[in-house]
Amino acid sequence: MLKKVAFTLCPAIVGSLLFFTAPASAHVSVKPAQSAAGSWETYTMKVPSEKNLPTTKVVLKMPKDIEFQQYEPIPGWKVSTQKHDDKSVSVTWEATDGGIQEGQFQQFTFVAKNPDKAEEAAWDAYQYYKDGSIVEWTGDKDADTPHSITNITAAKQVTDEHGATKTENDSEESGSSALDITAIVLSAAAIILSAAALIKKKRA
């Protein structure tokens, strides 16, 4: 009888444990996790509220070599920026109506220009709750509150400020093509002149 009760209770206990520990695995993240060097990337920061209190403010510090450009406005949130001595920029989203409630998450979208060289970009985020407590998402990948990482990689294709994709060698290729066409035209002209001179000589 005891074994039967134990087997009956075990799934319920495991389920309860999973329910209570699941929120702990959620954290502030910035996507995409990989982006091309030199591109204007559209990033999305996802912020879950892990306490039984609303999140009322989120501050995201741009990695040193990433240039913040634009943000997508969201009803109920005001946005401000601050420059630091190291020339980096912090962007603050502050709730004007309720914030992110328990069991909810909010996504904040913005555009930034990536550095021209490959590197690892770390996003330090600071999550403020209504009671004044702050969770600093600034640790490494093994920390309890890790920061999000985007790998900036070298790529042949990049996205410009208009959202168009271009190849880094486009200008070189177009220049080479122009030179090839010029060479062909000059060669054809030389052949025509040579033929005309030969005909003129024969007639003489």
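These numbers were taken from a predicted model, which means no experiment stands behind them.

> How should the nonpolar core be read in this particular structure?
In a soluble, globular protein the nonpolar side chains are often hidden away together inside. Of all hydrophobic cores here, the largest spans 27 residues; its most connected members are Met 45, Leu 60, Phe 108 and Phe 110. Among the secondary structure elements, those contributing two or more residues to this core are strand 3 (40-48), strand 4 (55-61), strand 7 (89-95), strand 8 (105-113), strand 9 (119-129) and strand 10 (134-137). If you tally residues by element for this core, the top one is strand 9, at four residues.

> It is not clear to me how the pattern of salt bridges should be interpreted in this structure. Could you clarify?
When charged atoms on two side chains of opposite charge get close, those side chains can pair. As enumerated under the stated definition, the model contains four salt bridges in all. Linking Lys 113 and Asp 116 is a salt bridge whose minimum nitrogen-to-oxygen distance equals 3.6 Å. One network of salt bridges, in which partners are shared, links Asp 65, Lys 117 and Glu 119.

> Mind showing me how you'd approach the packing of aromatic side chains here?
Where two aromatic rings form a pair, the distance of their centres and the angle of their planes describe that pair. By the definition in use, this model includes seven aromatic pairs. Centre to centre, the rings of Tyr 43 and Phe 110 are 5.8 Å apart; their planes meet at 25°, and the pair counts as stacked. With Tyr 43 in strand 3 and Phe 110 in strand 8, this residue pair connects regions lying 67 residues apart in the sequence. Each member of the pair, Tyr 43 as well as Phe 110, is classed as buried. Aromatic pair Trp 77 and Phe 108: ring centres 5.1 Å apart, planes at 85°, arrangement edge-to-face.

What counts and how
Residues numbered from 1 in each chain as written. Predicted model: local features only at pLDDT ≥ 70, side-chain atom pairs only at ≥ 80, totals over all residues. Heavy atoms only, no water. Core = buried A, V, L, I, M, F, W, Y, C linked by side-chain atoms within 4.5 Å. Buried < 20%, exposed > 50% of the residue type's maximum accessible area, 1.4 Å probe, protein only. Helix = DSSP H or I, 4+ residues; strand = E, 2+ residues; numbered from the N terminus. Salt bridge = Lys/Arg side-chain N within 4 Å of Asp/Glu carboxyl O. Phe/Tyr/Trp six-rings, centres within 6.5 Å; stacked < 30°, edge-to-face > 60°.

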